[in-house]
Amino acid sequence: MPLPAQMTVLILCLGFFGLMTATAQPAEALPNDDELKRDKDIVANWNFQAVHGDHVPSEATGGLNGWNHGAECVDGAMAFDGMDDYISIRPHRKIASLSRGTISVWFKFDSIPYGEQNVQPIFYFGDADGGTDNTSVIIEIGHFWDDVKVTALYFTIFGVPGQKPTFCFDSNFDLMVDTWYHFVAVVGEDSNTGYLDGIELVNRNYNFGGPNDSVFFENVPNVGACFIGKGYFANFPNPCYFDGTIDDVRIYREPLDAANVAHLFQEGRSKDESRNLAVTRRYIAGASSAASLEIRRDPSVAATRIRFSLSERTSARLQIFGVDGRLVSSLLNEEVGPGTREVTWNGRDGSGRPVSSGVYFCRLETSGSILARKLILSR
């Protein structure tokens, strides 16, 4: 049954969902383990394989051990409830003195932050309280928007009390719930960057500063806490908590290069079968078979026309998601040849029922990339 004629669809084009332009170096081209910076330059490694009671040891030398506050160790990773679970670590000078280096972490989040607690901190180093004078290093999911659910990944450094961040970049696309990701933040002598699933985020979005800013732990003047799964922010004094699972948090005293990051990603993927199934290499330049994704409203049939182009034959899955990560409708899941193809979404879910007004995501996944567009449905 066609939708009411008064339905309108406003398309907000946010660009390609996570399309990146860097190629991972093949594993066979990597140097031997004993030559890797990741081995000789590691400062701390909380991989949660030896958690005993509330004690969370660091596998790297130096005794930067942590203390568990309610998180549950599940299959060698730490599960946080988003309410009050976290791991505290003494903000040791070995971390506080780093002027450059690398942070590496595996994570998956179970819910989308919204409202007052609309940030989920993965890693935090800085003040032991929040407020306008907060200074810190933060890796987080979500951001401070009162009326929008955001699941982009952010890396932010507040270096001056009472001021805006020295630099802050985000992934430039929303991440999906219940999906393992590997993120690596790198700060060099005159640069900063980030990698997701082993590939550099070359299209990352800078909210403050730029790629040539170089500040790290050493540049945080007020240090009183280091947390996994908890953080304070300049926007308000109450702490936020992570809802999901975190694994294998590492800190290096030197900036890792692309080859080392790719090796870390492959190493983490091999940890268990569930992570191998959950993590995909989505963002490799040259391997992307999706050339474009276009969405248009068709008033004559009160529907949305979705057109995409492929440069080669590939498996293709076209789906509509809600902002909470819930699958609304699966429009296509098959092998498709090169060329242009058009699919129509009539504003209904998989059971044929009309969906409510709101924000939705149209997501095209191929063997080499993911593209998406955001749309708002109003009736």
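Our structure's up above, just so we're on the same page.
Cut-offs and rules
Residues numbered from 1 in each chain as written. Predicted model: local features only at pLDDT ≥ 70, side-chain atom pairs only at ≥ 80, totals over all residues. Heavy atoms only, no water. Phe/Tyr/Trp six-rings, centres within 6.5 Å; stacked < 30°, edge-to-face > 60°. Helix = DSSP H or I, 4+ residues; strand = E, 2+ residues; numbered from the N terminus. Buried < 20%, exposed > 50% of the residue type's maximum accessible area, 1.4 Å probe, protein only. Polar contact = N/O pair within 3.5 Å; in protein donor to acceptor, adjacent residues only side chain to side chain. Expected span 1.5 Å × (residues − 1). Pairing = 2+ DSSP bridges. Core = buried A, V, L, I, M, F, W, Y, C linked by side-chain atoms within 4.5 Å. Contact = heavy atoms within 4.5 Å. Salt bridge = Lys/Arg side-chain N within 4 Å of Asp/Glu carboxyl O.

**Q** Can you help me understand the packing of aromatic side chains in this one?
**A** Here the distance between the centres and the angle between the planes together describe a pair of aromatic rings. Considering all chains together, one arrives at 16 aromatic pairs under this definition. Between the aromatic rings of tryptophan 106 and phenylalanine 265, the centroid separation amounts to 5.8 Å while the plane-to-plane angle is 10 degrees, which identifies the pairing as stacked. Of this pair, tryptophan 106 sits in strand β8 (residues 101-109) while phenylalanine 265 is found in helix α3 (residues 258-269), placing the two residues 159 residues apart along the sequence. Each member of the pair, tryptophan 106 as well as phenylalanine 265, carries the same accessibility label: buried.

**Q** What am I meant to see in unusual backbone geometry here?
**A** For residues that are not glycine, phi is negative in most cases, and the peptide bond is trans in most cases. Positive phi, normally seen in glycine, also occurs at aspartate 75, with a value near 55 degrees. Judged by relative accessible area, aspartate 75 falls into the exposed class, the value being 72%. The phi dihedral of aspartate 197 is positive, around 55 degrees, even though this residue is not glycine. Relative to the helices and strands, aspartate 197 resides in the loop between β14 (192-196) and β15 (199-200). Residue class for aspartate 197 comes out buried when judged on its relative accessible area of 1%.

**Q** Before we go on, may I ask you to explain the side chain of serine 58 in this structure?
**A** Turning to its location among the elements, serine 58 is positioned in the loop between β3 (55-56) and β4 (66-69). Engagement of the side chain of serine 58 in a polar contact is seen with the backbone nitrogen of asparagine 45, the distance being 3.1 Å.

**Q** Honestly, α3 in this entry has me stumped. Any pointers?
**A** Every α-helix carries 3.6 residues per turn, so stepping three or four residues along brings you back to the same face. Helix length check: α3, at 12 residues, gives a terminal C-alpha distance of 17 Å against a target of 16 Å (1.5 Å per residue), a fit within 8%. Burial runs high along α3: nine of the 12 residues are buried.

**Q** What exactly am I supposed to notice about the sheet that holds β4 here?
**A** Within a sheet, each strand pairs with its neighbour through backbone hydrogen bonds, oriented either parallel or antiparallel. Across the sheet, which stays open at both edges, the nine strands sit in the order β3-β4-β7-β17-β9-β10-β11-β12-β16 with antiparallel pairing between neighbours. Single-partner strands in this sheet number two, and they are β3 and β16 (205-208). One ladder, built from four bridges, connects strand β9 (residues 120-126) with strand β17 (residues 225-228); its direction is antiparallel. When the sheet's bridge partners are listed, glycine 126 is paired in β17 with alanine 225.

**Q** Explain the pairing of β4 here, please?
**A** As a general feature of sheets, a regular strand has side chains that alternate between the two faces. Residues Gly66 and Asn68 line the buried face of β4, whereas the alternating positions Trp67 and His69 sit on a face that is not buried. In terms of strand pairing, β3 meets β4 through two bridges, oriented antiparallel. Residue histidine 55 lies in a different strand from β4, and its bridge partner there is tryptophan 67. Looking at chain direction, β4 and strand β7 (residues 86-89) are connected through four bridges and run antiparallel.

**Q** Teacher, can you tell me more about the nonpolar core here?
**A** In a soluble, globular protein the nonpolar side chains are often hidden away together inside. Core analysis: the largest hydrophobic core is formed by 52 residues, its most contacted members being Trp46, Phe107, Phe123, Phe155, Phe183, Phe217 and Ile228. Residues Leu310, Val328, Leu332 and Val343 belong to the second largest nonpolar core, which totals 20 residues.

**Q** Would you mind showing me how to read the side chain of serine 88 here?
**A** With respect to the helices and strands, serine 88 occurs in strand β7. Side chain to side chain, serine 88 and histidine 69 meet in a polar contact 2.8 Å long. Apart from the residues lying within four places of it in its own chain, the contact partners of serine 88 are Gly66, Trp67, His69, Cys226 and Phe227.

**Q** Could you clarify how one ought to interpret the pattern of salt bridges in this entry?
**A** Pairs can form between side chains of opposite charge whenever their charged atoms are close. This model, assessed by the stated rule, comprises 11 salt bridges. Residue glutamate 342 is joined to arginine 305 by a salt bridge in which the shortest nitrogen-to-oxygen separation is 3.3 Å. Of this pair, glutamate 342 sits in strand β25 (residues 339-345) while arginine 305 sits in strand β22 (residues 303-310); the two residues are 37 residues apart in sequence, bridging distant segments of the chain. Among the residues examined, arginine 305 registers a relative accessible area of 28% and is labelled partly exposed. Overlapping salt bridges bring together Arg100, Glu189 and Glu254 as one network.

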